[in-house]
Amino acid sequence: QVQLVESGGGLVQAGGSLRLSCAASGSIFSINAMGWYRQVPGKQRELVATIISGGTTNYADSVKGRFTISRDNAKNTVILQMNTLKPEDTAVYYCNAVVTTRWGTAPYTYWGQGTQVSVSS
């Protein structure tokens, strides 16, 4: 079993910054990719940013130039640095990891419990 523990959410004024962190632990052979998604009530969960094991990143258009995703492979941790936050960034942010738990088995996607990010205008 794999656990993802998120931290760093909170309330911030528009234009401010927050840093989200997510640490994966448990039965991990390798982590193929890690990322962040967000969801607001009544809407589908949407991709914010992802990073694969080689370091290639992908961002939603709405956060490009403002958010930066990074990863510490040795610590199985992914960081989302969020700058110039806007009220429309308000959501519950979920950490995601695609994990292979044993050599030769198929990877599986795990999710964190979510952390609230609120941006006031």
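Residues numbered from 1 in each chain as written. Predicted model: local features only at pLDDT ≥ 70, side-chain atom pairs only at ≥ 80, totals over all residues. Heavy atoms only, no water.

A. Seen up close, the sheet that holds strand S7 (residues 67-72). The antiparallel open sheet is built from four strands, whose spatial order is S1-S3-S8-S7. Of all the strands in the sheet, the pair left with one neighbour each is strand S1 (2-7) and S7. Neighbouring strand axes in the sheet, compared pairwise and without regard to direction, differ in orientation by 15 degrees on average. Relative to strand S3 (residues 18-26), S1 runs antiparallel, the two being bridged by six bridges. Bridged to Gln3 within S3 is Ser25. (Pairing = 2+ DSSP bridges. Helix = DSSP H or I, 4+ residues; strand = E, 2+ residues; numbered from the N terminus. Axes fitted to C-alpha atoms, helices over the stretch in contact; angles between N-to-C directions.)

B. Molecular detail of the pairing of strand S9 (residues 91-100). Burial runs high along S9: eight of the ten residues are buried. Where strand S4 (residues 30-39) meets S9, nine bridges bridge the pair, whose relative direction is antiparallel. Looking at the pairing, Ala33 lines up with Val98 of S9. Sheet analysis places S9 next to strand S11 (residues 115-120), joined by three bridges and oriented antiparallel. Counterpart to Val92 in the pairing with S11 is Gln116. (Buried < 20%, exposed > 50% of the residue type's maximum accessible area, 1.4 Å probe, protein only.)

C. Spotlight on the packing of aromatic side chains. In the structure shown here, the tally under the stated rule is two aromatic pairs. Each ring, one from Tyr37 and one from Trp111, has its centre 5.1 Å from the other, and the planes form 70 degrees; the classification is edge-to-face. With Tyr37 in strand S4 and Trp111 in strand S10 (residues 108-111), this residue pair connects regions lying 74 residues apart in the sequence. With a centroid separation of 4.9 Å and 70 degrees between ring planes, the pair formed by Tyr108 and Tyr110 is classed as edge-to-face. In this structure, Arg45 is placed above the aromatic ring of Tyr94, and the distance from its NZ or CZ to the ring centre is 3.7 Å. Positioned over the ring face of Trp111 is Arg45, at 4.7 Å from the centre of the ring. (Phe/Tyr/Trp six-rings, centres within 6.5 Å; stacked < 30°, edge-to-face > 60°. Lys NZ or Arg CZ within 6 Å of the ring centre and 35° of its normal.)

D. The arrangement of the environment of Ala91 in detail. Locating Ala91 in the fold gives a position in strand S9. Judged by its relative accessible area of 4%, Ala91 is buried. Between the alpha carbons of Ala91 and Gln116 there is a distance of 6.1 Å; along the sequence they are 25 residues apart. For Ala91, the contacting residues outside a window of four places in its chain are Arg38, Gln39, Val40, Thr115, Gln116 and Val117. (Contact = heavy atoms within 4.5 Å.)

The quantities given are spatial measurements derived from coordinates; they are silent on function.
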